[in-house]
Amino acid sequence: MGAMLRLAVAQARRDRWQLCIWVLGISVLGLAAAAAVGSEFGGEAERAGIIAVAAANPAFLFLRGLPDGTGIGAVVFFQGYAFMAVLAGLMNTFLVIRHTRSEEELGRAELLGSSPIARSAPLAATLLLGAAANVLLSVFAAAGFAAGGLPVAGSAIAGLAVGAVGFFFVAAAAVLAQFLPSGRGANGAAAALVGLAYLLRGIGDALGTAEASLMRVTSAWPSLLSPIGWGQRSRPFTVADPLPLLVPAVAAAVLAVLALRIRQRRDLGASLLPDRAGRARSSEAGRSMVGLAWRLQRATLAGWALGGAALGTVAGVLGPVVADTVAGNPSLAELIARLVPGSRADVVDVFAAALLGMAGVLGAAAGVQAMLRMRAEEAEARAELLLAAPKTRARWLAANLAVAAFSVTSVSAAAGSAASVALEASGTTTGNGGTIILAALAHVPAALVFTAVAALTFAVVPRLTVPLGWGLLAAGLVLGQFGELLRLPAWLQNLSPFRHSPALPVEDLDITAITAALLLTGAAAVLAAVATGLLNRRDLTN
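Computed from a predicted model, the values in this text were never measured in an experiment. (Residues numbered from 1 in each chain as written. Predicted model: local features only at pLDDT ≥ 70, side-chain atom pairs only at ≥ 80, totals over all residues. Heavy atoms only, no water.)

**Q** What's the story with the overall build of the protein chain in this structure? I'm lost.
**A** Helix and strand content of the protein chain: 22 helices and two strands. A compact globule built from 542 residues should have a C-alpha radius of gyration of about 24 Å, and the protein chain, at 23 Å, falls within 12% of that. Judged by the C-alpha coordinates and their principal axes, the protein chain covers about 65 × 55 × 40 Å. Burial analysis of the protein chain (542 residues in total) assigns 51% to the buried set. (Helix = DSSP H or I, 4+ residues; strand = E, 2+ residues; numbered from the N terminus. Rg over C-alpha atoms; globule rule 2.2 N^0.38 Å. Buried < 20%, exposed > 50% of the residue type's maximum accessible area, 1.4 Å probe, protein only.)

So this is what it looks like as structure tokens:
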């Protein structure tokens, strides 16, 4: 027990700044949402209008969550909880993988294993640190809601709902770390699990049943498969029922015990899914800079592309179902006719545009991760060996930028193609398949800007590449999704490249949209060129 506590303290010391940024960032988001809703929609009639619009628009339900009345707290929880829960899940999965599988991969866990401690002590320490971090997250999230003027009791339940999701993903990531052989693979799988939880919650909410008043929506059964869906069911500012939070808490306890049992029986460095041995010699293509970058990142690209294809499939399959649901509810049909005049295909277009926009975010994440791979190669001294050969840094960066750009385009194209095929199979007419694919590709220029910014960060401040790369992407997403809700200045919202991507096929591809795409692509090219020049001027750092 003493060794486990000392390990937990050492891990907390290493991660103190990262955890502070995560916890405070999530809590400030809740505070800002509470303050913005209270000031922007202070009248109940205004809030009722917003909730009615959301209940009538399945895309809103998919992205945000379940409307649960017109109180300020209920509107805040509807607007912000799902996003806060996703951030909590990512915080915890990255924390666990960093201190488990990545430590084994880098050899540091072997040093700990040579001391007289239990085999499972490092994992137990990580689980303890994760539990403490989520307790703090619950407290600070609740304080953020309360500081925004929401009821204290409801704020406490809302904070617990955010923390409960974090507890679940601590244990889930610990199990994944036992199965996968590399830290990169485990991180990717854990992030995909967070995305799957959001996806299941979104499907259940989009297929939910709205009350006749359009003030409340009850989710469908897929939401029960997600810890985020169970967190929503606590309804902190109306019913305030903490019992649904026991489901992710009990699931977390079971998964934590399972992870510890597996770790006690597993050899250090081994995994339940063994790593496949590569070839003794690379092919001719693999000996080039581009070939090497492709070899290192193709598995990660495949994972992101599958995620994009899954989102596209959901858009194509559920779009017609959602349209039928709206058509079968006279109240919803009347309101949607006022909001989006037109036919059945209009509802499908709105739903598809929302999900293809999310696929654009996945594409940006794929590009950013491709650039972060360069930092890992440098920090672990492999880049030094590579550049000892007659290869220039400019070629190294250019090769990785090419693979990153291909990743961005592939993820968006996979989403658009999957949506097009699914819509065609359902017999829904939304133009032609090329229109849907173009709608997905319309988000590529914005995603390329984030990729180029990550490359520039790597060239200028390499030790901050990871936090700044992901942090700037998260900031762009917040500005794009919550800028209007938080009443941020228009110039600040416009700093997010996502704000300049057209929401095809709902919006037209006019000269303004084409100009914005060209400017974003040009900005990405300029940033990439600057990054290449600056990388040649600095030394390699570990």
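**Q** I'm lost on the environment of Ala 189 in this one. Help?
**A** Of note, Ala 189 is situated in helix 10 (residues 183-206). Ala 189 sits 126 residues away from Ala 315 along the chain, and the two C-alpha atoms are 22 Å apart. Excluding residues that lie within four positions of it along the chain, Ala 189 makes contacts with Leu 176 and Leu 180. (Contact = heavy atoms within 4.5 Å.)

**Q** Would you mind going over the side chain of Glu 103 with me for this structure?
**A** Following the sequence through the fold, Glu 103 ends up in helix 6 (residues 101-106). When its relative accessible area of 9% is taken as the criterion, Glu 103 is described as buried. Within the local environment of Glu 103, its side chain forms a polar contact with the side chain of Arg 14, the two groups lying 3.3 Å apart. When neighbours within four sequence positions are excluded, Glu 103 is seen to be in contact with Arg 14, Arg 98, Arg 108 and Ala 109. (Polar contact = N/O pair within 3.5 Å; in protein donor to acceptor, adjacent residues only side chain to side chain.)

**Q** Would you mind going over the packing of aromatic side chains with me for this structure?
**A** Describing an aromatic ring pair means giving the distance of the ring centres and the angle of the ring planes. Taken as a whole and assessed by the stated rule, the structure comprises eight aromatic pairs. Considering the side-chain rings of Phe 77 and Phe 237, the 6.5 Å spacing of their centres and the 65 degrees angle between planes classify their relative orientation as edge-to-face. Placement of the pair is Phe 77 in helix 5 (residues 72-99) and Phe 237 in the loop between helix 11 (227-232) and helix 12 (246-265), with a sequence separation of 160 residues. The same class applies to Phe 77 and to Phe 237, which are both buried. Among the aromatic residues, ring-to-ring pairing joins Phe 77, Tyr 81, Phe 145 and Phe 237 into one connected group. Between the NZ or CZ atom of Arg 538 and the centre of the ring of Phe 458, over which it lies, the distance is 4.9 Å. (Phe/Tyr/Trp six-rings, centres within 6.5 Å; stacked < 30°, edge-to-face > 60°. Lys NZ or Arg CZ within 6 Å of the ring centre and 35° of its normal.)

**Q** Explanation requested: the packing of helix 2 (residues 16-40) against helix 8 (residues 121-147) in the structure shown.
**A** In helix packing, the relevant descriptors are the interaxial angle and the interaxial distance, both defined with respect to the helix axes. In the contact formed by helix 2 and helix 8, the axes pass within 8 Å of each other and the chain directions differ by 25 degrees. By the angle class used here, helix 2 and helix 8 are roughly parallel. Once helix 2 is placed against helix 8, the crossing between them reads as right-handed. Facing helix 2, whose interface residues are Leu 19, Val 23, Leu 24, Ile 26, Ser 27, Gly 30, Leu 31 and Ala 34, helix 8 presents Leu 129, Ala 133, Leu 136, Leu 137, Phe 140, Ala 141, Gly 144, Phe 145 and Ala 147. Here the residues of the contact of helix 2 with helix 8 sort into 14 nonpolar, three polar and no charged. (Axes fitted to C-alpha atoms, helices over the stretch in contact; angles between N-to-C directions. Parallel < 35°, antiparallel > 145°, perpendicular 65-115°, else oblique. Left-handed = near helix turned anticlockwise from the far one by under 90°. Nonpolar A, V, L, I, M, F, W, Y, C, P; charged D, E, K, R; others polar.)

**Q** Please explain the domain arrangement of the protein chain as it appears in this structure.
**A** How large an interface is tends to be reported as the accessible area lost when its parts come together. Entries for the protein chain in the domain assignment read domain 1 (1-273) and domain 2 (292-542). Placing the centre of domain 1 and that of domain 2 at their C-alpha centroids yields a distance of 24 Å. Taken together, the contact pairs 31 residues of domain 1 with 28 residues of domain 2. A buried area of about 2,600 Å², summed over both sides, lies between domain 1 and domain 2, and 77% of it is on carbon and sulfur atoms. In terms of surface lost to domain 2, no three residues of domain 1 exceed Ala 56, Phe 83 and Arg 184, which account for 21% of the buried area on that side. If you look at where domain 1 meets domain 2, you find zero salt bridges. Between the two partners, domain 1 and domain 2, sit zero residue pairs in polar contact (both at pLDDT 80 or more). For the side of domain 1 that touches domain 2, the secondary structure elements donating two or more residues are helix 2, helix 3 (44-56), helix 4 (58-63), helix 5 and helix 10. At seven residues, helix 2 tops the list of elements feeding residues into the side of domain 1 that touches domain 2. (Domains from an automatic or database assignment. Buried area = accessible area lost by both parts, 1.4 Å probe. Salt bridge = Lys/Arg side-chain N within 4 Å of Asp/Glu carboxyl O.)

**Q** Can you walk me through unusual backbone geometry in this structure?
**A** Both trends apply: most residues other than glycine have a negative phi, and most peptide bonds are in trans. Backbone geometry at Ala 240 places phi at a positive 55 degrees, although glycine is not the residue there. According to the relative accessible area criterion, Ala 240 is partly exposed, its value standing at 34%.

**Q** Explain a nonpolar patch on the surface to me, please; I cannot follow it from the model alone.
**A** A cluster of nonpolar side chains, namely Val 460, Val 461, Leu 464, Leu 468, Leu 472, Val 526, Val 530 and Leu 534, defines an oily patch on the protein surface of about 590 Å² accessible area. Considering each element in turn, the nonpolar patch owes the most residues, three residues, to helix 22 (residues 511-535). Along the chain, Val 530 turns up in helix 22. Judged by its relative accessible area of 39%, Val 530 is partly exposed. (Patch = residues over 30% accessible without salt bridge, like charges linked within 9 Å, V, L, I, M, F, W, Y side chains within 5 Å. Areas by Shrake-Rupley, 256 points an atom, 1.4 Å probe, with all protein chains shown as cover.)

**Q** Sorry, what's going on with the environment of Thr 93 here?
**A** If you trace the backbone, Thr 93 turns up in helix 5. With 42 residues separating them along the chain, Thr 93 and Ile 51 place their C-alpha atoms 33 Å apart. For Thr 93, the contacting residues outside a window of four places in its chain are Phe 169, Ala 173, Asn 187, Ala 190 and Val 194. At 3.1 Å, the side chain of Thr 93 and the backbone oxygen of Leu 90 are in polar contact.

**Q** Got a minute to help me understand the packing of helix 2 against helix 5 in this structure?
**A** Two numbers describe how helix 2 lies on helix 5: the axes approach to 9 Å, and their chain directions differ by 170 degrees. As far as their axial angle goes, helix 5 and helix 2 are roughly antiparallel. When helix 2 is examined against helix 5, the residues Gln 18, Leu 19, Trp 22, Val 23, Ile 26, Leu 29, Gly 30, Ala 33, Ala 34, Val 37 and Gly 38 are found in contact with a partner set consisting of Ile 72, Val 75, Val 76, Phe 83, Met 84, Leu 87, Ala 88, Leu 90, Met 91, Phe 94, Leu 95 and Arg 98. The class makeup of the residues in the contact of helix 2 with helix 5 is 19 nonpolar, three polar and one charged.

**Q** For this particular structure, what's the right way to read the environment of Gly 231?
**A** With respect to the helices and strands, the residue Gly 231 is situated in helix 11. Gly 231 gets classed as buried once you look at its relative accessible area, which sits at 0%. Put simply, Gly 231 and Ala 425 are 194 residues apart on the chain and 35 Å apart in space, counted from C-alpha to C-alpha. Beyond its immediate chain neighbours, meaning those up to four positions away, Gly 231 contacts Phe 77, Tyr 81, Ala 161 and Leu 245.

**Q** Hey, could you run me through the pattern of salt bridges in this one?
**A** Side-chain pairs of opposite charge can arise where the charged atoms are in close proximity. Per the counting criterion, the structure on display carries 14 salt bridges. Among the salt bridges present, the one from Glu 103 reaches Arg 108, with a minimum N-O distance of 2.9 Å. For Arg 108, a relative accessible area of 40% puts it in the partly exposed group. The salt bridge partner of Glu 104 is Arg 266, with a shortest N-O separation of 2.8 Å. Here Glu 104 is found in helix 6, whereas its partner Arg 266 is found in the loop between helix 12 and helix 13 (289-327), with 162 residues between them in sequence.

**Q** Honestly, helix 3 in this entry has me stumped. Any pointers?
**A** Along an α-helix, a turn takes 3.6 residues, which lines up residues three or four apart on a common side. When the terminal C-alpha atoms of helix 3 are compared, their 18 Å separation across 13 residues agrees well with the 18 Å that a helix rising 1.5 Å per residue should span. All of the buried residues in helix 3 are Arg 47, Ile 51, Ala 52, Ala 54, Ala 55 and Ala 56. (Expected span 1.5 Å × (residues − 1).)

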